[in-house]
Amino acid sequence: MTMITDTNALKTVCARLAKAPYITVDTEFLRETTFWPKLCVVQLADAEGPEVVDALAPGIDLTPLFELMDDRNVLKVFHSGRQDIEIFHHLSGKVPHPVFDTQVAAMVLGFGDSISYDQLVARTTGGVIDKSSRFTDWSRRPLSDEQVTYAIADVTHLRDVYEKLAADLDKRGRADWVSEEMEVLTSPATYEAHPDDAWRRFASRLRKPRDLAVMIEVAAWREREAQGRDVPRSRVLKDDAIVEVATRAPRDVAALGSLRAFPRGYERSKAGQEILEAVERGLKRDPADLPALEAQRGNGGNPATVELLKVLLRMIAEKHAVAAKVLANTEDLERISADDDADVPALSGWRRELFGEQALKLKAGTLALGIERGRVVALEREPGEDGPLPAPKPRRSRGRRGGGGGNGGEQATQEI
């Protein structure tokens, strides 16, 4: 197959693809030696067939491709597309829209928390993905026939995967669930790397407000340096050194040079002086204006309640064949345990209907968990009912209904 290596050919292909209701998209990139991903190859496909764009071809203008990504009449289908979308956002300033992520759809349909592409292809279509070119240098030219074949397979199989998942979502009434997730994936804020937020990478390793104040400034300095020089963060300063500077807060060259994780001689460089200046800015910060250290305060969640919520989460996920991870994570459960109005996804939208409401009932004591026929079940009673919930009674037959105007204190197994 001939790769697209000039702007005119790219315009022709993008004009054709713009007529399709959806296209599948994948990219090959490198990031080992840069801060920003280096786009090497773009694969596209519609019903007529695949196309491979050489993003490194001399003189090629990718504007037609970026316009296609921004075309609201064409659905762009990715698998685990966050990094691909980040690349388009960085290069064009726009986020592809609308999009459909097959990994997210697979989670909503119960394929597991983070199913790989080759596993999803095998389970939905029976196809087999050749992995031989997965870890290859996509910046070297010319690309081999094996590399091009591998690149094409990513988007051709994706067409069948998308159609099967989309049909299943419609059948089960879950298309809107995926649409909610895509709002996050297509938000520019998702891809904006703000230096002032770089400290959050280290939040779990900070213990004192002073450490946080220094970390905010030092981590922001490193982020700006890495972005400006387009090098990995570790090329500027390794994580361990960043944490040690924040916790020790050195105020002169000698103190900076004495840190174990700090590169020898680095303290006398221009960067060393800038780090000391960042430390001083951090020490001058008003503690009252610092963000909260979530890890320090532990979210205030009751450990026993969190464990019960985990059981409820697994039960509901299994019952509805949806990945538990897409409903809530441990941090979400901790925050729900501490606050009925916690600002977490599990307490809004379809997640609240499926899990959040049950979680709040469990906290309130109007829902309990029990064992029936060897399986965890939810046991519900009327609000305001006094006394503990009695142990669940086994049903005599599948056809018998509970409830009806029973005596006070009697509970029914709830279908969740």
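Residues numbered from 1 in each chain as written. Predicted model: local features only at pLDDT ≥ 70, side-chain atom pairs only at ≥ 80, totals over all residues. Heavy atoms only, no water.

Caption draft 1: Unusual backbone geometry, seen in detail. For the peptide bond that leads from His97 to Pro98, omega is -10°, which places it in the cis range. Structurally, Pro98 can be placed in the loop between α3 (82-92) and β5 (99-101). The step from Arg141 to Pro142 runs through a cis peptide bond, and the omega angle for that step is 0°. One can find Pro142 in the loop between α5 (117-125) and α6 (145-172). Of note in this structure, Ser80 is not a glycine but carries a positive phi near 50°. Relative to the helices and strands, Ser80 resides in the loop between β4 (75-78) and α3. Of note, Ala249 is a non-glycine position whose phi angle comes to about 50°, a positive value. Mapped onto the secondary structure, Ala249 falls in the loop between α10 (239-248) and α11 (253-257). Judged by its relative accessible area of 9%, Ala249 falls in the buried class. (Helix = DSSP H or I, 4+ residues; strand = E, 2+ residues; numbered from the N terminus. Buried < 20%, exposed > 50% of the residue type's maximum accessible area, 1.4 Å probe, protein only.)

Caption draft 2: Layout of the packing of aromatic side chains. Using the criterion set out here, one finds 7 aromatic pairs in the structure. Plain terms: the ring middles of Trp177 and Trp350 are 4.1 Å apart, the flat faces sit at 5° to each other, and that makes the pair stacked. A residue pair is termed long-range when its members are at least 10 positions apart, and Trp177 in helix α7 (residues 175-185) and Trp350 in helix α17 (residues 349-364) qualify at 173 residues. For Trp350, a relative accessible area of 5% translates into the label buried. (Phe/Tyr/Trp six-rings, centres within 6.5 Å; stacked < 30°, edge-to-face > 60°.)

Caption draft 3: Representation of α5 in the model. Here α5 has its buried residues at Tyr117, Asp118, Leu120, Val121 and Thr124. With its buried residues spanning 160° around the axis, α5 presents them on a single face. Contact partners of the buried residues in α5: α4 (102-108) and α6. Gly126 sits one or two residues past α5 and shows a positive phi near 80°. (Arc of directions from axis to C-beta. Contact = heavy atoms within 4.5 Å.)

Caption draft 4: Up close: the pairing of strand β3 (residues 49-54). Across the 6 residues of β3, 5 count as buried, placing the element largely inside the fold. Taken together, the 6 bridges between strand β2 (residues 38-46) and β3 define a ladder with antiparallel strand orientation. Residue pairing in the sheet places Gln43 in a bridge with Val52 of β3. From the end of β2 to the start of β3, which pair antiparallel, there are 2 residues. (Pairing = 2+ DSSP bridges.)

Caption draft 5: Molecular detail of the nonpolar core. Of all hydrophobic cores here, the largest spans 80 residues; its most connected members are Ile23, Leu44, Leu327, Ile336 and Phe355. In terms of residue count, the dominant contributor to this core is helix α14 (residues 303-320) (7 residues). Beyond its immediate chain neighbours, meaning those up to four positions away, Ile23 contacts Leu17, Leu44, Ala45, Asp46, Leu68, Met69, Val74, Leu75, Lys76 and Val77. Core analysis: the second largest hydrophobic core is formed by 35 residues, Val218, Ile242, Ile275 and Leu276 among them. (Core = buried A, V, L, I, M, F, W, Y, C linked by side-chain atoms within 4.5 Å.)

Caption draft 6: Region of interest: the environment of Met69. In this fold, Met69 is placed in helix α2 (residues 63-69). Among the residues examined, Met69 registers a relative accessible area of 3% and is labelled buried. For Met69 and Ser92, which are 23 residues apart along the polypeptide, the C-alpha to C-alpha distance reads 9.7 Å. Leave out the neighbours within four places in its chain, and Met69 touches Ile23, Val25, Leu44, Lys76, Phe88, Pro96 and His97.

Caption draft 7: The arrangement of empty space enclosed by the protein in detail. Tallied over the full model, the rule gives 1 cavity of 30 Å³ or more. By volume, the largest cavity is sized at about 40 Å³. Looking at the largest cavity, the residues that line it are Phe66, Met69, Asp70, Phe88, Ser92, Lys94, Val95 and Pro96. Going through the elements one at a time, α2 and α3 are the ones with two or more residues in the lining of the largest cavity. Across the lining of the largest cavity, the residue classes break down as 5 nonpolar, 1 polar and 2 charged. (1 Å grid on protein atoms, 1.4 Å probe; cavity = no way out; pocket = protein on both sides within 12 Å on 5 of 7 lines; lining within 4 Å. Points joined across faces, edges and corners; volume = space filled by probe spheres on them. Nonpolar A, V, L, I, M, F, W, Y, C, P; charged D, E, K, R; others polar.)

Caption draft 8: Quick peek at the packing of α14 against helix α16 (residues 330-338). Following both chains from N to C, one finds α14 and α16 inclined at 125°, their axes separated by 9 Å at the closest point. As judged from the angle between their axes, α14 and α16 are oblique. The two elements α14 and α16 meet at a crossing, and its hand is right-handed. Within the contact between the two elements, α14 uses Thr305, Val306, Leu309, Lys310 and Leu313 and α16 uses Thr330, Leu333, Glu334, Ile336 and Ser337. (Axes fitted to C-alpha atoms, helices over the stretch in contact; angles between N-to-C directions. Parallel < 35°, antiparallel > 145°, perpendicular 65-115°, else oblique. Left-handed = near helix turned anticlockwise from the far one by under 90°.)

Caption draft 9: Highlighting the confidence of the model for the protein. Taken as a whole, the protein shows an average pLDDT of 89; of its residues, 89% reach a score of 70 or greater. Counted against residues more than four places away or in other chains, residues 295-299, with its pLDDT under 50, gives 11 contacts. Throughout residues 394-412 the model reports pLDDT below 50, and contacts reaching past four residues in sequence, or to other chains, amount to 18 contacts. (pLDDT = per-residue confidence, 0-100.)

Caption draft 10: Spotlight on the packing of α16 against α17. In the contact formed by α16 and α17, the axes pass within 10 Å of each other and the chain directions differ by 45°. As the angle between them shows, α16 and α17 are arranged oblique. Crossing angle aside, the handedness with which α16 passes α17 is right-handed. On α17, the residues that touch Leu333, Ile336, Ser337 and Ala338 of α16 are Phe355, Ala359, Leu360 and Lys363. A per-class count over the contact of α16 with α17 returns 6 nonpolar, 1 polar and 1 charged.

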